[in-house]
Amino acid sequence: MAAEGSGWVLPEKYSKDLKDENGEPLSKSEFKKRQKAAQKAIKDAEKAAAKAAKPQPTKKNKQEDEEELDPAQYHSNRLKHVEGMKAANKNPYPHKFNVTISIKDFVA
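So, how was this worked out
Residues numbered from 1 in each chain as written. Predicted model: local features only at pLDDT ≥ 70, side-chain atom pairs only at ≥ 80, totals over all residues. Heavy atoms only, no water. Helix = DSSP H or I, 4+ residues; strand = E, 2+ residues; numbered from the N terminus. Buried < 20%, exposed > 50% of the residue type's maximum accessible area, 1.4 Å probe, protein only. Contact = heavy atoms within 4.5 Å. Areas by Shrake-Rupley, 256 points an atom, 1.4 Å probe, with all protein chains shown as cover. Patch = residues over 30% accessible without salt bridge, like charges linked within 9 Å, V, L, I, M, F, W, Y side chains within 5 Å. Salt bridge = Lys/Arg side-chain N within 4 Å of Asp/Glu carboxyl O. Expected span 1.5 Å × (residues − 1). Polar contact = N/O pair within 3.5 Å; in protein donor to acceptor, adjacent residues only side chain to side chain. Lys, Arg positive; Asp, Glu negative; His and termini not counted.

*Asks:* Hey, could you go over the overall build of the protein for me, with residue numbers and the actual values?
*Replies:* Within the protein, the secondary structure is distributed over 4 helices and 0 strands. The proportion of buried residues among the 108 residues of the protein is 8%. A sequence separation of at least 24 residues applies to 9% of the contacts in the protein between residues at least 6 apart. Of the roughly 10100 Å² of accessible surface on the protein, a fraction of 55% belongs to carbon and sulfur atoms.

What follows is the structure, encoded as structure tokens:
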């Protein structure tokens with residue numbers, strides 16, 4: 001917890017005869033402010049180290065992939081999906097939907 005550019009170190013506890021890096025008396029509120037700033041700097045450094053150590057995710061989810069596709073690629077992917085549903089004997093664009101649960105059962 002050294003001050004920038006000097007060998008001055010912030011002590012753990014406040015005392016009335018405490019002097020800052022310039023030799024001037026250090027108030028209790030200034031001591032607390034510097035102590036809090038030093039703790040925040042340590043916490044930020046730990047977060048930065050943890051973030052640097054954490055591997056960046058390289059796999060994107062399906063929705064992000066579709067957003068990055070140009071319209072021709074998106075259209076061809078959609079056609080493949082529809083053809084796959086037709087091959088599995090499923091209607092990709094059904095007119096009616098089978099109801100299997102009531103609203104009361106769904107809410108409960």
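Now that the structure has been shown, the text picks up again.
*Asks:* Let's hear about the environment of Asn-22: which residues, and what values?
*Replies:* Inspection of the secondary structure assignment puts Asn-22 in the segment before helix H1 (28-53). A residue is classified by how much of its surface remains accessible, and Asn-22, at 60% relative accessible area, is exposed. Separated by 14 residues in the primary sequence, Asn-22 and Trp-8 place their C-alpha atoms 9.2 Å from one another.

*Asks:* Which residues make up a nonpolar patch on the surface, and what are the values?
*Replies:* A grouping of Ile-101, Ile-103, Phe-106 and Val-107 is seen on the molecular surface, where their side chains present a nonpolar patch of about 490 Å² in accessible area. Take Ile-103: it is sitting in helix H4 (residues 103-107).

*Asks:* With reference to specific residues and values, describe helix H3 (residues 71-87).
*Replies:* Spanning 17 residues, H3 covers 24 Å between terminal C-alpha atoms, matching the ideal 24 Å at 1.5 Å per step. Measuring from the side-chain oxygen of the N-cap residue of H3 to the backbone nitrogen of Ala-72 gives 3.0 Å; that N-cap residue is Asp-70. A positive backbone phi angle near 65° is found at Asn-89, which sits one or two residues after H3.

*Asks:* Would you mind going over the pattern of salt bridges in detail, with residue names and values included?
*Replies:* Two side chains bearing opposite charge may form a pair once their charged atoms approach each other closely. Counted according to the given criterion, the structure contains 4 salt bridges. Note that Arg-34 and Glu-21 form a salt bridge whose closest N and O atoms lie 2.8 Å from each other. With Arg-34 in helix H1 and Glu-21 in the segment before H1, the pair connects residues that are 13 residues apart, well separated along the chain. A relative accessible area of 35% places Glu-21 in the partly exposed class. Between Lys-40 and Asp-44 there is a salt bridge whose closest N-O contact spans 3.2 Å. Of the two residues, Lys-40 and Asp-44 both sit in helix H1, 4 residues apart, roughly one turn of that helix.

*Asks:* Pulling in residues and values, what's your account of unusual backbone geometry?
*Replies:* Positive phi outside glycine occurs at Asn-89, with the angle close to 65°. You can see Asn-89 is positioned in the loop between H3 and H4.

*Asks:* Tell me what's going on with the side chain of Asp-20, and back it up with residues and numbers.
*Replies:* The residue Asp-20 is located in the segment before H1 in this model. Although Asp-20 is buried, it forms no salt bridge, and the closest oppositely charged side chain is Arg-34 at an N-O distance of 4.2 Å. Looking at Asp-20, its side chain comes within polar contact range of the main-chain nitrogen of Asn-22, at 3.1 Å. Not counting residues within four places of it along the chain, the set of residues in contact with Asp-20 comprises Trp-8, Leu-26 and Arg-34.

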